[in-house]
Amino acid sequence: MSRSAESYADALAAQGTSIVDKEGERATFKDLGLHAPMTASFRTAFPNILYPTETQREFIPAILEGKDVLLSDVTGSGKSFGLVIALLNKPRTKAQNADNITSLFIVPHRDLAYQLFHWIQKVLNVSNTPPPLSSVVQVLVRDGGSHLGVGLSTLKEQPPHILIGTPQALVDIHRSDSQALQLSMLSSVVVDEVDYLVETVPRKDPQKSFYKTTKKAEQKIQAHPGVTRQLLDIIFARRKELNERRRDEPGLFQQRRRANILDGPMRRLGTPQLILSSATLRTHLKNYLFDESGWLDKDNVLKVAGNKVKRNGRLSSASHQNDDGAKATQHSVILVSEHGIRNISGAILPVEESSEGEGSGQRVSPEAVFALQDDGDVDGKVSENYSTTRSPFNPNALEAIATAFAVDVPSVALLVLPASSPLQRAVHELRELGINAYGLDLHSGTAGRSHLLSGGEAVSENPTLLVSTLATTRGLDLPELTHVFMLGIPEGPKVNGRSVDAYVHIAGRVGRFGRGGKVITVLEDDEKDEKEVGSEGSKMKRILGRLEITPVRFEPFE
Ligand SMILES: Nc1ncnc2c1ncn2[C@@H]1O[C@H](COP(=O)(O)OP(=O)(O)OP(=O)(O)O)[C@@H](O)[C@H]1O
């Protein structure tokens, strides 16, 4: 088993245990160096967050000290939340008594940007004397040009403490006005979901059969390095230069290290600290970041990886509550064709859920959960068009999802479509099947946002299916979510590291912080034997196998 698969399996098994100190003592957030009033506010805003996790205990003080950090822990273990809290506690950078942007938080998509924004908003809302929101946090995402209009002027008039943005929007701004982001004054730069934003390929081995494919992929990256690389190359240009000199003149740096003056050059460069985070950091990416990118200050970097302790011997996807009350995630795969629906072969029986399980939450009216959802409507003219154009979706697959949703989902589920799928069309077709479906939009969509801001545990009389694509799912935290449906093998027809990681991130929208949940992958049944190489079933089995997950039968389809 690969290292990342192993750590995922192990860490999943251990999830829910990480808040317990090894010595049985618990450090508080205040012990980590966070300001008391800030700690009080975020404890009021997030009453369930009592103690920092082990990884938060490591990386929050390191960030406050100005170290670079390479952070990896399982999905839903509080990485992004901890990063936001740490950045809020950093002192503001100022030049000639005027505020500068202190931290840049780079995220892969706008929904994640708004999620982090709402977390900060929630903290400020309960503060005694909150400063104006825009002085603390602003969001810059591509939005039909407004980031270059209103967004840019707000940014320049009142630079925020934390600027959250997507790489493309940030590069657009920098190109239109190289002073707008005040890059030379930044104190921290965070890249969340770094493996998604900075693409790398495994090192080439001429002996391996995939040598040619790897080489091609590498050439493609060289020709189109991607905008996050471009942005980091700009911000860390001076560090890159120094790191290159260091590579060329190792003797000089050894002398400096012996004389204990190595910290000096990087610090004098005045480059910000760099924090890179993801649940899936493969070795080739880590090698690139350390040896080739030149972005990191190698003498001042902390690597933090989540708890790798194996519990109960090994991971079993059908396992239920562990000793600390964390629930397991149940993974199912169903294959659909016009002849019917079946579970993947080898799927085992689910373990009985405890009476405290999902669905036992407080019953609330849909109106209480949603701030009424008039914003998700599919435009009349557009739906007329839909009736005259061929659907890209397999009707059997959508019907299977609709049925599974209707029989099993108590409140909210997420459907993740392949990256380039037409989202509104899927919403329309699901509605035709009687499903309360909405495109996930944490900015203007009240449906998505109310789920984000609600505390979870609700049961709705009219459950909702939020629909997103692979490109807009990473990092999202929807506390009420109990089910994730996945249409097709993630990341295209081939099974490789990327598809395994994509599965980890999509599945990771449930089971967060030991909450449990169900992940149901729906595949078109090619009616091939699942032992046959290349069949849909065999591909899915390879993905689950690499993650040490045994599929569980989705019983309504027995
Ligand atoms: N110390 C804590 N105690 C309890 N809950 C926490 C703690 N820290 C974060 N959480 C909660 O855990 C959930 C997941 O947090 P977050 O989104 O930061 O995870 P993540 O590790 O970044 O996930 P992903 O890898 O999917 O991006 C959030 O609902 C957050 O409020």
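Thresholds, definitions, all that
- Residues numbered from 1 in each chain as written.
- Predicted model: local features only at pLDDT ≥ 70, side-chain atom pairs only at ≥ 80, totals over all residues.
- Heavy atoms only, no water.
- UniProt positions renumbered as here; feature names shortened; annotations may be inferred.
- Domains from an automatic or database assignment.
- Contact = heavy atoms within 4.5 Å.
- Buried area = accessible area lost by both parts, 1.4 Å probe.
- Salt bridge = Lys/Arg side-chain N within 4 Å of Asp/Glu carboxyl O.
- Helix = DSSP H or I, 4+ residues; strand = E, 2+ residues; numbered from the N terminus.
- Nonpolar A, V, L, I, M, F, W, Y, C, P; charged D, E, K, R; others polar.
- Polar contact = N/O pair within 3.5 Å; in protein donor to acceptor, adjacent residues only side chain to side chain.
- Near = heavy atom within 4 Å.
- Areas by Shrake-Rupley, 256 points an atom, 1.4 Å probe, with all protein chains shown as cover.

- Under an unreviewed UniProt entry, the name given to the protein is RNA helicase, and the organism recorded is Laccaria amethystina LaAM-08-1.
- Recorded in UniProt for the protein, the comment headed Catalytic activity (unreviewed entry) runs: "ATP + H2O = ADP + phosphate + H(+)".

## Some details on the domain arrangement of the protein
No. 1: Each domain of the protein was delimited in the assignment, giving domain 1 (18–236 + 271–305) and domain 2 (327–557).
No. 2: Each partner contributes residues to the interface: domain 1 has 24 residues there, and domain 2 has 26 residues.
No. 3: Summed over both sides, the interface of domain 1 with domain 2 buries roughly 2200 Å², with 51% coming from carbon and sulfur.
No. 4: At the boundary of domain 1 with domain 2, the tally comes to three salt bridges.
No. 5: Ionic pairing is found between Arg474 and Glu193, a salt bridge with its closest N-O pair at 2.9 Å.
No. 6: Of all the secondary-structure elements, those providing two or more residues to the side of domain 1 that touches domain 2 are α5 (110–125) and α9 (194–197).
No. 7: Looking at which element gives the most residues to the side of domain 1 that touches domain 2, the answer is α5, with eight residues.
No. 8: When grouped by side-chain class, the residues that make up the side of domain 1 that touches domain 2 number seven nonpolar, ten polar and seven charged.

## Notes on the environment of Lys67
No. 1: Along the chain, the position of Lys67 falls in the loop between α3 (54–65) and β1 (68–72).
No. 2: For the pair formed by Lys67 and Ile506, sequence separation is 439 residues and the distance between their alpha carbons is 30 Å.
No. 3: Not counting chain neighbours up to four residues away, the residues in contact with Lys67 comprise Ala62, Gln273, Asn300 and Leu302.
No. 4: At 3.0 Å, the side chain of Lys67 forms a polar contact with the side chain of Glu65.

## Here's the deal with the site of the ligand
No. 1: Near the ligand there are 23 residues, and of these Tyr51, Lys79, Phe81, Asp477 and Arg509 occur at the shortest range.
No. 2: The contact in question runs from an oxygen atom of the ligand to an N or O atom on the backbone of Gly76, over 2.8 Å.
No. 3: At 3.2 Å, a side-chain N or O of Glu193 approaches an oxygen atom of the ligand.
No. 4: If the ligand stood free it would expose 650 Å²; the protein chains cover 95% of that surface.

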